[in-house]
Amino acid sequence: MTFGKSGRWSKRDQLPRYRACMSSTERQHHLDAVRAFAMLLGIVLHASLSYFDSGWAVNDGVDSGFFAVLLIAIHGFRMPLFFLLSGYFTALLVQRRGVAQTAKNRLLRITIPLAIGAVTIVPLTTLTGSWASSNDGDDVSTGEVERPSVWPGVIYGDVNVVSAALVDGADPVEVGSDGSLPAYFAVMVGDIDVVATLHEAGADLSTPNIDGNMPLSLAVWAGHSDIAEFIFSTAGSEGVDEIPRESGKRNWEKITWFGDGENDSKAIVEAVRQAVPNPSAPSTINRSLEPWDTGLHHLWFLWHLTLIAGGYLLLTQLRGARTWRPLPVWVVAPSAFIATAWLQISMWSFGPDTSTSLIPAGRVVAYYAVFFAVGVASYSVRANGKNWMSQLSRAWVPGVALSAALGGVLWAALDAAYGDAPNETLAGVLQAIYAWLMIAGVISLASILLNTSRRWIRFVSDSSYWLYLAHLPLVLIGQRWLQDVNWPIGLEFLLLVSTLTVVLLISYRWLIRPTPIGWLLNGRPKDHQAR
């Protein structure tokens, strides 16, 4: 509140600020387009999963490097972009309507659709994935019977599963998708029976893993003295220079670095177990979905958004003001980058991990919360009467940002993550750079090309929410059908994505938008306020 020269409150003194707020709440049509783009890319992402070795329910019998990179390129920035926009629009709503009305809006648009989807779309996706993955063990494209694998038993430390697989002809030195050997991972799990079984079947415990480390050094690092003793007695001491002795016996625990990696090895094992079904648990034998797509399936982002937006609204309410004190760009930008890079280093995959349970991984929620917070800040911070989003409309920004991201940073990050000399820290930093460059480039390009009111953009933007919620069962059905045809994979992919998009757009226009479901997702047809 301001006061005039007389000490009384003056409307005239407030007028410039009022006008600035009004100008900042004018609809930015390009952000509608970007939000739709982020949602629709999810269809492209899931459709690509059947064309390379991804662990998805359906595999078309190919392992395309193009589609693997396509998925990585999309996954590396899509959801960070969505959460940043969500933070921006949430801050906008708070400014317009206040905390209480914004909380009601988020409840109607996010939390209730999640609750409904959890008892409809989620089980339907599970059932569809189960059907799509059932091919009686035969490889559809070659007609060959799938060879048994020791890996599930190795990962879970189940010697009975490992033994059964070996009896059925599994290879004890089957190289994993990351180049690791089963015996090496069995040492990390810490199950000596599995290590001994693999050794008896032909696994050489004196062979280094892909990273050059020896099984004995891994056993010491992970803190498994019994396994270290077994490896020493069968394969020698290669990998450990000095072994302390007490009373004539080897005392592995006296090695200075014994157990240094105990926590790290446990975290690695747990992360891998989340990505592979437990062969001993009937409820998880079914490989109906990709490893990271369980629990809430693709609706996980609604739960994360509920938690993050709810936390922001609670803090705003406790603070007692609709807006937060703007921070300068030189504070927010480096802070956000450092936070996302640090969190990305802790991830197990390229781009952010996906946590689909009702108790999500803290690092994943924190990662997306940073982007949400930057979205809030980008609405609040102003320069020359404009917020951050408006500053991205300069003509040179998309060319520089997108060229740097797609032409250099992405490939450098891939090399740092999966190349001959992996570097987790460098990979995490480069992935964070890639995400921020793509976000800036996409928003900037849209602000230049699409920042006008167009009915088709508004329609696609409104429908994209429904398209993403409903697409996954249909993707699985389409992939399973295309598995039985012998068409070029590029043609199959384009046919799947285009057909699915058209069908869902039609369903939205005639079956969803005029109904209470459409009102719940996007408001009444006359409601054109930001969501």
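Above this text sits the structure in question.
In this report, we go over the structure that sits alongside the text.

Conventions used here
Residues numbered from 1 in each chain as written. Predicted model: local features only at pLDDT ≥ 70, side-chain atom pairs only at ≥ 80, totals over all residues. Heavy atoms only, no water. Helix = DSSP H or I, 4+ residues; strand = E, 2+ residues; numbered from the N terminus. Buried < 20%, exposed > 50% of the residue type's maximum accessible area, 1.4 Å probe, protein only. Contact = heavy atoms within 4.5 Å. Areas by Shrake-Rupley, 256 points an atom, 1.4 Å probe, with all protein chains shown as cover. Salt bridge = Lys/Arg side-chain N within 4 Å of Asp/Glu carboxyl O. Core = buried A, V, L, I, M, F, W, Y, C linked by side-chain atoms within 4.5 Å. Axes fitted to C-alpha atoms, helices over the stretch in contact; angles between N-to-C directions. Nonpolar A, V, L, I, M, F, W, Y, C, P; charged D, E, K, R; others polar. Phe/Tyr/Trp six-rings, centres within 6.5 Å; stacked < 30°, edge-to-face > 60°. Parallel < 35°, antiparallel > 145°, perpendicular 65-115°, else oblique. Left-handed = near helix turned anticlockwise from the far one by under 90°.

1. With respect to the overall build of the protein chain
Here is step 1: Along its length, the protein chain carries 22 helices and 4 strands.
Here is step 2: Taking all 531 residues of the protein chain together, 47% fall into the buried category.
Here is step 3: Taking all contacts inside the protein chain whose residues are at least 6 apart in sequence as the whole, residues at least 24 apart take part in 74%.
Here is step 4: Just so you have it, the protein chain exposes about 25,800 Å², and 61% of that area is on carbon and sulfur atoms.

2. Description of the pattern of salt bridges
Here is step 1: This model, assessed by the stated rule, comprises 5 salt bridges.
Here is step 2: For R35, the salt bridge is made with D32, and the minimal N-O distance between the two is 3.2 Å. Taken together, the residues R35 and D32, both in helix α2 (residues 29-48) and 3 residues apart, mark about one turn of the helix. Considered together, R35 and D32 belong to a single accessibility category, that of buried residues.

3. Here's the deal with the nonpolar core
Here is step 1: Membership of the largest hydrophobic core comes to 99 residues, with the highest contact counts inside it found for M79, L81, F83 and F301.
Here is step 2: Here M79 is in contact with M39, W300, F301, Y368 and Y468, once residues within four sequence places are set aside.
Here is step 3: Counting residues in hydrophobic clusters, the runner-up holds 34 residues, among them V162, V195, V240 and F258.

4. A few points about the packing of helix α5 (residues 99-119) against helix α6 (residues 121-133)
Here is step 1: Following both chains from N to C, one finds α5 and α6 inclined at 35 degrees, their axes separated by 3 Å at the closest point. Contacts between α5 and α6 involve G117, A118 and V119 on the former and, on the latter, I121, V122 and P123.
Here is step 2: Residues that form the contact of α5 with α6 fall into these classes: 5 nonpolar, 1 polar and no charged.

5. Quick notes on the packing of aromatic side chains
Here is step 1: In this structure the tally under the stated criterion is 19 aromatic pairs.
Here is step 2: Relative to F67, the ring of F66 lies with its centre 5.1 Å away and its plane at 80 degrees, an arrangement referred to as edge-to-face.
Here is step 3: Of the residues examined, F66 reaches a relative accessible area of 57% and is grouped as exposed.
Here is step 4: A relative accessible area of 3% means that F67 is categorised as buried.
Here is step 5: With centroids separated by 5.5 Å and ring planes inclined at 80 degrees, the aromatic side chains of Y88 and Y379 adopt a geometry described as edge-to-face.

6. Things to note about the environment of R96
Here is step 1: With respect to the helices and strands, R96 occurs in helix α4 (residues 78-97).
Here is step 2: Its relative accessible area of 28% is what places R96 among the partly exposed residues.
Here is step 3: The spatial distance from the C-alpha of R96 to the C-alpha of R322 is 8.9 Å, given a sequence separation of 226 residues.

7. Re the packing of α4 against helix α19 (residues 424-449)
Here is step 1: Orientation of α4 relative to α19, taken along the N-to-C sense of each, is 60 degrees, at an axis distance of 9 Å. When the interaxial angle is binned, α4 and α19 end up oblique. At the point where α4 passes α19, the crossing takes the right-handed sense. The residues of α19 that touch α4, namely those facing P80, L81, L84 and L85, are W436, I439, V442 and I443.

8. A few points about the environment of E229
Here is step 1: With respect to the helices and strands, E229 occurs in helix α12 (residues 225-235).
Here is step 2: When the C-alpha atoms of E229 and R250 are compared, they prove to be 8.0 Å apart, with 21 residues separating the residues in sequence.
Here is step 3: Non-local contacts of E229, meaning those with residues more than four positions away in its chain, are made with R250 and W252.

9. Notes on unusual backbone geometry
Here is step 1: Not every positive phi belongs to a glycine, and H297 is a case in point at roughly 55 degrees.
Here is step 2: Structurally, H297 is set in the loop between α13 (262-275) and α14 (300-319).
Here is step 3: For H297, a relative accessible area of 4% puts it in the buried group.

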